[in-house]
Amino acid sequence: MSSLKNNNIVLMGFMGVGKGSLARELTKQTGRMAIDSDDLIESMQNMKVSKIFEKEGEAYFRKCEKNLSKWMKKSVENTIISIGGGFHHVGNLQKIGHVIYLESSFNAILDRINSFDNAKSKLKKRPLLQNMAKAKALINERHPAYIEQADTVIQTAGKTSSELAEEIINMFKLNK
Ligand code: S3P
């Protein structure tokens, strides 16, 4: 596969799978710009995602994601886009770009998070990762929806972000 819709790559997958790290690695290796849906919402709302959930509720956050997706569909080109783990609810992600589902098991995701020195803050900033039983049910519930929206599925377990970036760069023959 060597062509990209809108020249965007959309990195989709569950919380903590490594979308942001991979986006940064792809930027480093290709020079392309990268944006992250949570970062954009936080700067527009001048509030952290956890605060938005607490003060305005999840439904409000989902509306922010929906608005952002409209802008992405119209105005973003040539960009690596990492999206929050629930962003796929906006629908038609393929209108934004080529959607890569970063697939991993729940346990591998937890192992990845726990491997960081700041694991506690990585967990704390994610309101939907507070209750592990609920989070595990959520990944199982979302998996079919991720598959439905994906153009490409990549298994991430056991791979570093630099190896994953290499895989994507080769897949799309992206310039280095
Ligand atoms: C969410 C994932 C988070 C963030 C919010 C909700 C989700 O992003 O958008 O906490 O519903 O899965 P990350 O996937 O980057 O953690």
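As shown above, the structure is provided for reference.
None of these values were measured; they are calculated from a predicted model.

**Q** Would you mind showing me how to read the site of the ligand here?
**A** Close contacts around the ligand come from 14 residues, with Lys19, Asp38, Arg62, Arg126 and Arg142 the closest. A distance of 2.5 Å separates an oxygen atom of the ligand from a polar side-chain atom of lysine 19. Within the contact set of the ligand, an oxygen atom lies 2.5 Å away from a side-chain nitrogen or oxygen of arginine 126. Within the complex, the protein chains bury 95% of what would otherwise be the 390 Å² of accessible surface of the ligand. Judged by the fraction of its atoms near the pocket grid, the ligand is located in the largest pocket. At the level of secondary structure, the elements contributing two or more residues to the shell around the ligand comprise helix 3 (49–56) and helix 4 (58–75). Broken down by class, the residue content of the shell around the ligand amounts to six nonpolar, three polar and five charged.

**Q** Help me out: how do you make sense of helix 3 in this one?
**A** Counting along an α-helix, one turn takes 3.6 residues, and residues three or four places apart therefore face a common direction. Listed in full, the buried residues belonging to helix 3 are Val49, Ile52 and Phe53. Summarising the axial view, the buried residues of helix 3 lie within an arc of 100°, below the 170-degree limit, and thus occupy one face. Within helix 3, the exposed residues directed more than 90 degrees away from the buried face are Glu54 and Lys55. In this structure, the buried residues of helix 3 make contact with helix 2 (37–45) and helix 4. Trailing helix 3 by a residue or two, glycine 57 shows a phi angle of about 95°, which is positive.

The rules behind these values
- Residues numbered from 1 in each chain as written.
- Predicted model: local features only at pLDDT ≥ 70, side-chain atom pairs only at ≥ 80, totals over all residues.
- Heavy atoms only, no water.
- Near = heavy atom within 4 Å.
- Polar contact = N/O pair within 3.5 Å; in protein donor to acceptor, adjacent residues only side chain to side chain.
- Areas by Shrake-Rupley, 256 points an atom, 1.4 Å probe, with all protein chains shown as cover.
- 1 Å grid on protein atoms, 1.4 Å probe; cavity = no way out; pocket = protein on both sides within 12 Å on 5 of 7 lines; lining within 4 Å.
- Sits in = over half its atoms within 2 Å of the grid points.
- Helix = DSSP H or I, 4+ residues; strand = E, 2+ residues; numbered from the N terminus.
- Nonpolar A, V, L, I, M, F, W, Y, C, P; charged D, E, K, R; others polar.
- Buried < 20%, exposed > 50% of the residue type's maximum accessible area, 1.4 Å probe, protein only.
- Arc of directions from axis to C-beta.
- Contact = heavy atoms within 4.5 Å.

This is a description of form; function is not addressed.
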